[in-house]
Amino acid sequence: MAQNGPHIPFKVFKSENDSTTFDQIFKGRAFKYPKSSEEANHKSTYWLQLDFRDKIPPLYKDSVFYLKFNSFDFGELYFWDKDHVSKRPIGLFDDKTQGTEIPLTNYYSEAPIDQNSLIDQRYLYIRAKRITFSEKLQNWSFTLLASSSVKKLDLDDLKSLWPFYAFAGGCLIIWLSTISFYFYLRKLEFLFYSIYIILLFLYVSGDILSLYDHIFSGNRLLHHWFSQGSLLLANFAYGMFFIYYLRTKKDYPKIHSLMYVIMGSIFLPIVVIIVFYFMDYMAGLNYMISSFTHMILGLSILGLIYLGFHAKNVLAYFVIAASFSFIVSYVLHIYFADPEDGLLLNSRYYLLIGCSFEIIIFTIGLNYKVHLEFRENTLLQQKALDEKNKALRAQINPHFIFNALNSIQNLIIKNDIKSSLKYLSRFSHLARNILESSIQPNATIDAEIAMLKDYLELESLRFDNSFSYEIHVDEGLDTSSIEIPYMTLQPFVENSLIHGLLPKIDGERKLTISFKKKNNVLLCLVDDNGIGRKASENLDKSSFREKKSRGMEVTSLRLNALGGKAKGYQIIDKTDHNGEPSGTTVIIELCL
């Protein structure tokens, strides 16, 4: 950046009439030094007389030098052009302005001049108008530069901007994560927070990093309107995020009502500002920003204090911590601004720090909410799974009870009183256990074995001890503590009896039930030496066969409903050395 040269003194003539011409001002010569308390306002036009007497060093003579000056919103530089006075625009909002902003200074521009441009070989005149903010005239300064200060940023310049680049990187990462969460979870709080981050980033860093120049293609007027209004847009997005994040309608109805007032206080100025833009009414923008921002700030503080006394969960404290971080930084951003920092650009480091803390806190808060909702959804899914299993078990119970009562009926018809009473006693014991299973979804392996023994004894009585059975348990298996879904094996055992063993005419009918542990998997085996599935399917209907294996169907659904807790089951068709069917083996795999 070019080294500053001599400062140029100036006098001011304040005009309330925008139609005043240079000739009128030049002839009047009513210029005065600015008073210490005099401020520029949007209603007045200021004519400045810059006096270069004895201010141009010999080094600058016969060469082009640069005038560094405060960036005016609208400005015209009057200079001598051969034989007459000419003018050129130098204001930020002027079309085809020849004033160039100096990077990293926020409020300064420059324009090239030479000694031959001086009117009466001594003066330059500027017609200036300030409409974006008020400032003391004594803050205006004019300096000669031997060379232009406008150049590409060097390493030292980039080092001075590293906090803003770091902030930009953090905002980008968090924006990507929040927008990804929105598309994955379809939760509106993530959408509004992603919008809030973008708008907040533009408000904090847009001017400093010259982002608006690229976004608005050099349209400085639109640039200014958006940069000032972006805070209101950010507040609106934050308010919507606040409502959905805390579920205020459900959990905080009073705060929800206050939010309607706050959101209305934000939305109305946004609409009015858009109208003012098309009316080219800059004073209206200034009033809206200054008035409504403070009102929204006050309402927000009241809402956060109320929330602090009525917080219902940890999420509320995330909101309080993050919001107060922003509010404190915003107050410091205003309070510590220099008098000449009319747009509060030089004090945005305070805002940068506060917003960084706010974003970090809310990022943790959003992830915590995702954790809570994931845990809640998991519990709901588990509850739904339990209810589904209860319903499926309830379908097994009448299926089995019907078969048992049918067996008792057969014994009574045969007038076998002794067997009927014995069968009824075992049936009542088994029925009680089955009814209890409707309450407790799981049972220990010991309880499952006890139920299977009761059932097999009943079936043995029913079919005149026409089959034998064995139950084996691995020695290392803790059958008293390991739980499995109750009555998981019973339908498979019943299927082996009815469709495998009982249709067998010759030879021993034997059923073997085994419980084994393999790594972290419990293997439950139901093995029979019956006629096999293919032969069973070819048999005509008989009194021994079920029309439809409802118990198997329901158990299959139960195992599927267990998800990751059950790996499923498989049925193996056994054959002898001649390749003839020799029974089936059912293997059920349950995760321990």
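Just so it is clear, the structure is predicted and the values come from calculations on it, not from any experiment.

Draft legend 1. Fine view of the overall build of the chain. Along its length, the chain carries 16 helices and 19 strands. Over its C-alpha trace the chain gives a radius of gyration of 43 Å, far above what one expects of a compact globule, namely 25 Å for 592 residues. Overall size of the chain, expressed as C-alpha extent along the three principal axes, is 135 × 55 × 40 Å. Contacts in the chain between residues at least 24 apart in sequence constitute 74% of all its contacts with a sequence separation of at least 6. For the chain, the exposed area adds up to about 30,600 Å²; of that, 57% sits on carbon and sulfur atoms.

Draft legend 2. Main features of the side chain of Asp-454. With respect to the secondary-structure elements, Asp-454 resides in helix H13 (residues 445–462). On the basis of relative accessible area, Asp-454 is assigned to the buried category, the value being 10%. Ignoring anything within four residues of it in the chain, the contact list for Asp-454 reads Arg-426, His-429, Leu-430 and Asn-433.

Draft legend 3. Structural context of the side chain of Glu-189. On the secondary structure map, Glu-189 appears in helix H4 (residues 188–205). Once residues lying within four places of it in the same chain are set aside, the contact partners of Glu-189 are Phe-241, Tyr-244, Tyr-245, Lys-369 and Glu-373.

Draft legend 4. Main features of the sheet that holds strand S7 (residues 84–89). If you walk across this open sheet you meet the 5 strands as S2-S4-S10-S6-S7, and the pairing is antiparallel. Edge positions in the sheet fall to strand S2 (10–15) and S7, since each has one partner strand and no second. Going from strand to strand, the sheet's axes swing by 20° on average, the running direction of each strand aside.

Draft legend 5. Examining the pattern of salt bridges more closely. Per the counting criterion, the structure on display carries 17 salt bridges. For Lys-574, the salt bridge goes to Asp-527, with nearest N and O atoms at 2.9 Å. With a gap of 47 residues between them, Lys-574 in strand S18 (residues 566–575) and Asp-527 in strand S17 (residues 521–528) connect regions that are remote in the sequence.

Draft legend 6. Structural context of helix H6 (residues 220–246). An ideal rise of 1.5 Å per residue puts 39 Å on 27 residues; H6 measures up with 39 Å between its terminal C-alpha atoms. Helix geometry: H6 is bent most strongly at Gly-229, by close to 35°. In terms of burial, H6 is largely enclosed, as 21 of its 27 residues are buried. One or two steps after H6, the chain reaches Arg-247, where phi turns positive at roughly 50°.

Draft legend 7. A look at the pairing of strand S16 (residues 510–518). Relative to S16, strand S14 (residues 468–473) runs parallel, the two sharing 6 bridges. Of the residues in S16, the one forming a bridge with Tyr-469 is Leu-511. Pairing between S16 and S17: 8 bridges, direction antiparallel. When the bridges of S17 are listed, Phe-515 appears paired with Cys-524. What sits between S16 and S17 in their antiparallel hairpin is a turn of 2 residues, with Asn-519 showing a positive phi close to 55°.

Draft legend 8. Layout of the packing of helix H8 (residues 253–279) against helix H9 (residues 282–309). Close contact between H8 and H9 brings their axes to 10 Å; oriented N to C, the two are set at 170°. One element, H8, and the other, H9, form an angle in the roughly antiparallel class. Listed contacts from H9 to Lys-254, Ile-255, Leu-258, Val-261, Ile-262, Ser-265, Ile-266, Pro-269, Val-272, Ile-273 and Phe-276 of H8 are Gly-284, Leu-285, Met-288, Ile-289, Phe-292, Met-295, Ile-296, Leu-299, Ser-300, Gly-303, Tyr-306 and Leu-307. Of the residues belonging to the contact of H8 with H9, the class tally is 18 nonpolar, 4 polar and 1 charged.

Draft legend 9. Broad picture of the packing of aromatic side chains. One pass over the structure, following the stated rule, counts 41 aromatic pairs. Taking the centre distance of 5.4 Å and the plane angle of 75° together, the rings of Tyr-277 and Phe-278 count as edge-to-face. Owing to a relative accessible area of 26%, Tyr-277 belongs among the partly exposed residues under this scheme. Residue classification places Phe-278 among the exposed residues on the basis of a relative accessible area of 68%. Ring geometry for Phe-318 versus Tyr-368: centroids 5.8 Å apart, planes at 45°, classification tilted. Within this pair, whereas Phe-318 is found in helix H10 (residues 314–335), its partner Tyr-368 is found in helix H11 (residues 348–413), the two being separated by 50 residues in sequence.

Draft legend 10. Examining H13 more closely. The end-to-end C-alpha separation of H13 is 25 Å, in line with the 26 Å expected for 18 residues at 1.5 Å each. Here H13 lies mainly inside the structure; 13 of its 18 residues are buried. Remark: Asp-464 follows H13 within two positions and exhibits a positive phi of approximately 55°.

Draft legend 11. Region of the structure containing the nonpolar core. One finds Tyr-193, Val-204, Leu-246, Leu-307 and Val-319 to be the most contacted residues of the largest nonpolar core, which totals 75 residues. Of all the secondary structure elements, the ones that give two or more residues to this core are helix H3 (162–185), H4, H6, H8, H9, H10 and H11. The leading source of residues in this core is H6, at 12 residues. Residues contacting Leu-246, with those up to four places away along its chain left out, are Asp-251, Tyr-252, Leu-307, Leu-315, Ala-316 and Val-319. Counting residues in each nonpolar core, the second largest holds 37 residues, with Ala-431, Ile-449, Leu-501 and Cys-524 among its members.

Scoring rules and cut-offs
- Residues numbered from 1 in each chain as written.
- Predicted model: local features only at pLDDT ≥ 70, side-chain atom pairs only at ≥ 80, totals over all residues.
- Heavy atoms only, no water.
- Helix = DSSP H or I, 4+ residues; strand = E, 2+ residues; numbered from the N terminus.
- Rg over C-alpha atoms; globule rule 2.2 N^0.38 Å.
- Contact = heavy atoms within 4.5 Å.
- Areas by Shrake-Rupley, 256 points an atom, 1.4 Å probe, with all protein chains shown as cover.
- Buried < 20%, exposed > 50% of the residue type's maximum accessible area, 1.4 Å probe, protein only.
- Pairing = 2+ DSSP bridges.
- Axes fitted to C-alpha atoms, helices over the stretch in contact; angles between N-to-C directions.
- Salt bridge = Lys/Arg side-chain N within 4 Å of Asp/Glu carboxyl O.
- Expected span 1.5 Å × (residues − 1).
- Bend = angle between axes of the 7 residues up to and from the residue.
- Parallel < 35°, antiparallel > 145°, perpendicular 65-115°, else oblique.
- Nonpolar A, V, L, I, M, F, W, Y, C, P; charged D, E, K, R; others polar.
- Phe/Tyr/Trp six-rings, centres within 6.5 Å; stacked < 30°, edge-to-face > 60°.
- Core = buried A, V, L, I, M, F, W, Y, C linked by side-chain atoms within 4.5 Å.

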